[in-house]
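Structural overview for review
Read off the chains here:
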Amino acid sequence: MPERTETESRKLLRRLQATLAEAGAGQERLDRITHIIADSLGCEVCSIYLFRDAITLELCATEGLAQGAVHVTRLRVGEGLVGRVASRMRPVNTDNAPAEPGFRYMPETGEEAFSSFLGVPIQRLGEKLGVLVIQSREARAFSDDEVYALEVVAMVLAEMTELGAFVGEGEAMSARHQKSVVIHGGIGQEGAAEGRVWLHEPRVVITNPVAEDPTEELRRLNEAVDQLRVSVDQMLSNAPKGDSEQIEVLQAYRMFANSRGWMRRMEEDIARGLSAEAAVEKEQSAARARMQTVPDAYLRERLHDLDDLSNRLLRLLTGQGKDTGAQMPDNPILVARNIGPAELLDYGRSLRGVVLEEGSVASHAAIVARALAIPLIVHAERITQEALNGDPILVDGDAGVIHLRPEETVASAFRDKIAMRTAAQERYASIRDKPAETLDGAHISLTMNAGLMADLPSLPSSGAEGVGLFRTELQFLTRNTVPKRGELAALYARVMDAAAGKRVAFRTLDIGSDKVLPYMKPQDEPNPALGWRAIRVGLDKSGVMRMQLPALIRAAMGRPLTVMVPFIAQFEEFTAARDHLMRELDREAALGHTLPESVEIGAMLETPSLAFAPRQFFELADFISIGGNDLKQFFFAADRENERVRRRYDTLNVSFLTFLGQIVERCVETDTPVSFCGEDAGRPVEAVCFAAMGLRSLSMRPASIGPVKSLLRRVDLREARAVINEAQAQGAQSVRPAVRVWLTRAGCGSEDRDPAGRDPQSVSSRNFKKPAPA
Ligand code: PEP
Ligand code: MG
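Notes on the structure follow. As the structure is a computational prediction, the values presented were derived from the model and not from experiment. Starting afresh in each chain, residues are numbered from 1 along the sequence in its written order. Think of it this way: whatever chain is written first is A, whatever ligand is written first is 1, and the rest follow in order. Given that this is a predicted model, residues contribute local features only at a pLDDT of at least 70 and side-chain atom pairs are listed and counted only at 80 or more, while totals for whole chains, interfaces and linings are drawn from all residues. For side-chain calculations, the full set of non-hydrogen atoms in the structure is used, while hydrogens and water are omitted.

1. Brief notes about the overall build of the chain
Selection criterion: Every helix listed is a DSSP run of H or I at least four residues long, and every strand listed is a run of E at least two residues long, numbered separately from the N terminus. The Shrake-Rupley method, run with a 1.4 Å probe sphere, supplies the accessible areas, and residue values consider only the shown protein chains as cover.
Within the chain one finds 27 helices and 22 strands. By element, 51% of the accessible surface of the chain is carried by carbon and sulfur atoms, the whole surface being about 33300 Å².

2. A closer look at the site of ligand 1
Filter applied, for reference: When at least one non-hydrogen atom of a residue lies within 4 Å of a molecule or strand, that residue is treated as near it. Pairing of N or O atoms within 3.5 Å defines a polar contact, subject to two protein rules: one partner must be a possible hydrogen donor and the other a possible acceptor, and residues neighboring in sequence count only if both atoms are side-chain atoms.
Near ligand 1, the surroundings consist of 14 residues, among which Arg-471, Arg-507, Glu-606, Asn-629 and Arg-640 are the closest. Arg-471 is positioned such that a nitrogen or oxygen atom in its side chain is 2.9 Å from an oxygen atom of ligand 1. Between Gly-628 and ligand 1, the recorded distance is 3.1 Å, taken from a backbone N or O atom to an oxygen atom. Look at ligand 1: alone it shows 290 Å² of surface, and the protein chains cover 98% of it. For the shell around ligand 1, the secondary-structure elements that each account for two or more residues are strand E16 (467-471) and helix H22 (628-635).

3. Points about helix H24 (residues 684-692)
Note the cut-off: The classification of residues rests on relative accessible area computed with a 1.4 Å probe and restricted to protein chains. Under 20% of the type maximum is buried, over 50% is exposed, and intermediate values are partly exposed. Here, two residues are considered to be in contact whenever any of their heavy atoms come within 4.5 Å of each other.
Taking burial as the measure, the nine residues of H24 include nine buried ones, the bulk of the element. Along H24, the residues classified as buried are Pro-684, Val-685, Glu-686, Ala-687, Val-688, Cys-689, Phe-690, Ala-691 and Ala-692. For H24, the elements touching its buried residues are helix H23 (654-669), strand E21 (674-676), strand E22 (697-700), helix H25 (702-712), helix H26 (717-729) and helix H27 (736-745). Gly-694 sits one or two residues past H24 and shows a positive phi near 110°.

4. What about the packing of H24 against H27?
Rule in force here: What counts as an axis is a line fitted to C-alpha atoms, over the stretch in contact for a helix, and the angles between N-to-C directions run from 0 to 180 degrees. Oblique is the label for any angle not covered by the other classes, which are roughly parallel (under 35 degrees), roughly antiparallel (over 145) and roughly perpendicular (65 to 115). Three classes are used, and their members are as follows: Ala, Val, Leu, Ile, Met, Phe, Trp, Tyr, Cys and Pro are nonpolar, Asp, Glu, Lys and Arg are charged, and the others, Gly among them, are polar.
Interaxial distance between H24 and H27 falls to 11 Å at its minimum, and their mutual angle equals 100°. By the angle between their axes, H24 is roughly perpendicular relative to H27. Each of Val-685, Glu-686, Val-688 and Cys-689 in H24 lies in contact with H27, whose residues at this interface are Arg-736, Val-739, Trp-742 and Leu-743. Class assignment of the residues belonging to the contact of H24 with H27 gives a composition of six nonpolar, no polar and two charged.

5. Quick look at the pattern of salt bridges
Applicable threshold: Salt bridges are defined by distance alone: a side-chain nitrogen of Lys or Arg within 4 Å of a carboxyl oxygen of Asp or Glu.
Per the stated rule, a full pass over the model turns up 47 salt bridges. One salt bridge connects Glu-190 with Arg-647, and the closest N-O pair in it is separated by 3.9 Å. Of the two residues, Glu-190 sits in the loop between strand E8 (186-189) and strand E9 (192-199) while Arg-647 sits in the loop between H22 and H23, which places them 457 residues apart along the sequence. The pair Glu-190 / Arg-647 is uniform in exposure class, with both members buried. The salt bridge partner of Arg-701 is Glu-679, with a shortest N-O separation of 3.4 Å. In this pair, Arg-701 sits in the loop between E22 and H25 while Glu-679 sits in the loop between E21 and H24, placing the two residues 22 residues apart along the sequence. What makes Arg-701 partly exposed here is its relative accessible area of 23%. You can call Glu-679 partly exposed: its relative accessible area is 26%. When salt bridges with common partners are traced through the structure, they connect Glu-190, Arg-647, Glu-679, Asp-680, Arg-683 and Arg-701 into a single cluster.

6. Concerning the sheet that holds strand E14 (residues 401-404)
Going by this rule: Two strands are said to pair when DSSP picks up at least two bridges between them.
Sheet architecture is open: eight strands sit in the order E7-E14-E13-E9-E10-E11-E12-E8, paired in mixed fashion. Edge positions in the sheet fall to strand E7 (181-184) and E8, since each has one partner strand and no second. Sheet twist, expressed as the mean angle between neighbouring strand axes with direction ignored, is 25°. Direction of pairing for strand E11 (residues 353-356) relative to strand E12 (residues 376-378): parallel, over a ladder of two bridges. Note on E12: the bridge partner recorded for Val-355 is Ile-377. Of the strands in this sheet, E9, strand E13 (392-396) and E14 touch helix H13 (residues 408-429), which is tilted by about 120° from E9.

7. Some thoughts on the coordination of the magnesium ion (ligand 2)
Here is the rule: Because no water is among the atoms considered, metal sites can look incomplete, with donors defined as N, O and S atoms within 2.8 Å of the metal, or 3.2 Å for Na, K and Ca.
Bound to the magnesium ion (ligand 2) on the protein side are Glu-606 (OE) and Asp-630 (OD), at distances that span 2.0 to 2.1 Å. Linking Glu-606 in the loop between strand E19 (599-605) and helix H20 (608-611) with Asp-630 in helix H22, this pair joins segments that are 24 residues apart in sequence. Summarising the burial analysis for this pair, Glu-606 and Asp-630 share the class buried.

8. What about the packing of H26 against H27?
As a reminder, the rule being used: Note on convention: the crossing is left-handed when the near helix lies turned anticlockwise from the far helix by less than a right angle, right-handed when the turn is clockwise.
The geometry of H26 relative to H27 is characterised by a closest axis approach of 9 Å and an angle of 145° between their N-to-C directions. Where H26 crosses over H27, the handedness of that crossing is right-handed. Side by side, H26 and H27 meet where Glu-719, Ala-720, Val-723, Ile-724 and Ala-727 of the first sit next to Ala-738, Val-739 and Trp-742 of the second. In the contact of H26 with H27, the residues fall into seven nonpolar, no polar and one charged.

Structure (structure tokens):
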């Protein structure tokens, strides 16, 4: 085969484009395409394999292999050379295919006669569509130039054809966006919502992948890249001088924008006949494919940068902004590959739910979604490819399931579920101003967790007695630079104003682990949950404390101030944090600023070690707040963000409840107020059990206050404690089954509908030396 020239490539693309524009049945056109490619590239064989499902490829058209194999030969991803191209999404190029490890001989195709093999992926922005293969009898490796030419052809195929239409009747991709689809993802935030899809970044539509005039396309590309460089330079000059991390990221952007390799590849694609935007998208597809395989988190981030840059370039070239002119539907459910916390906040409370293709339970966006109290599903594979703006969608945040374009029966069952929730919320509104008092007269203080100014309106409407946990990190996570002291002071003051005299426990900055500040250098710790986080960062980098504590003192403006320190693992950390606060109070006094009327400083008990701290710690702390989310993960050594294990151990496990009881005892002995502010406090059955173990203060999401209060008002805690003691004496692993029976007998069974609650695992006791107890 002669070395290809760029003119030949363009001729081939032109022939392809003409064929694709012709009328005719899908199969016929696909056959013609393989013929044109084989003919133009001077090979005996050209074949197109397309995905039938996520793991199976089917030979859909061929020039040169046995026609009887079409729609018969199937391969799994990873199987044979074609499967290898599909699994790695990279070309495979060999002069001796049968000798390649993993080669799979498919007798029905007659391919044994062909020695050379070149396969390239057919992909569109990370969506795997299939594999394009050329083969020849002559044993020769294809040149880099030929590999490139075939990639360009694959790009045009991916872009120009509804390839699925060729796969066979019923499977037509054109019909794909009409079928209902169920997608399973991870639970980011529970809840249920029905609405219509609103794409965060509607895909840039490329209508002209092939271009006639490469000189003009090069001019367009260069012009757009120049604009891009100017805008990156502008972002760099606007970045705050001391913010080295942000500057580092922008410098990486600039490096990509000025990368000769990136430009050269796009210029070559244009020379071969692609339009400027198709050349950009081809590079973007390659970056996305690499992104899926790169294990290193830092490199993945850089590929994300490149992806982001390509998006900007595409928008410059096509003039298609995010604003496509489409009207945001009523009840919008945001669908995105990923989204930053600030962008999510911009949408604010207009959204009914969020579905992310990437993201994670611990992402900043997830934290914001929780604060906005809207259901969030993460890791929803392929959602951005499946969903179109305006599609009907149901988000079941309790089960982590999305129903896209649902059947009417599914939608109506789902509506029943939402209606039941709404009716229950109305019932709870009727007890909003009543106390959470149990039948035996115990008063449980119910407060709410918050993190945004936007949460505060829930304070009166939920019936919360105050804010038991104000997570201050959200203001740090949702922006690109460290907030200024004055801004923070103003915000904290507004929070206190909105609380109208009710107590607000401000937790000092709890970053690290899952909460990585955009402007903080990633630490790349082997085990971030056990790493440099929360007060450990606060004490080592005391600049943040020296900024945040005065902001809190000033915000109080003479009112009482409550400060809570996260993740205290030993007494000394608490005294060190307390000393910081004392120093800042002295400093503020010296500056002549008004001091708070009173100051309390408490510790969050989130590590088991603190439960065994010296008595002096309990005496010194003004209060203790049990951070059950972290405490439970360390108690059971089960990562709270890992879906495989996070629900493995029941919160009502006897060991955990006993441990909570011991913490309460130590607090009672030293007269230290204690509360529980982890997610479990918001689950009615758990809340009753915590109260039975002696906790008298629980802090939770505002929406949980009604259900928790409703159940607490209908139970007798002495009975609950007796049930727990009895289950414990019986050797039960979890008290849940016994508590459930008791609640049902007391007529409160319907409250035990907790998606997160699991029955304890049962273990069979065959062949053990000691017989199982009766
Ligand atoms: C906790 O760990 O229980 C807690 C309330 O803190 P966070 O969930 O913010 O870590
Ligand atoms: Mg915590």
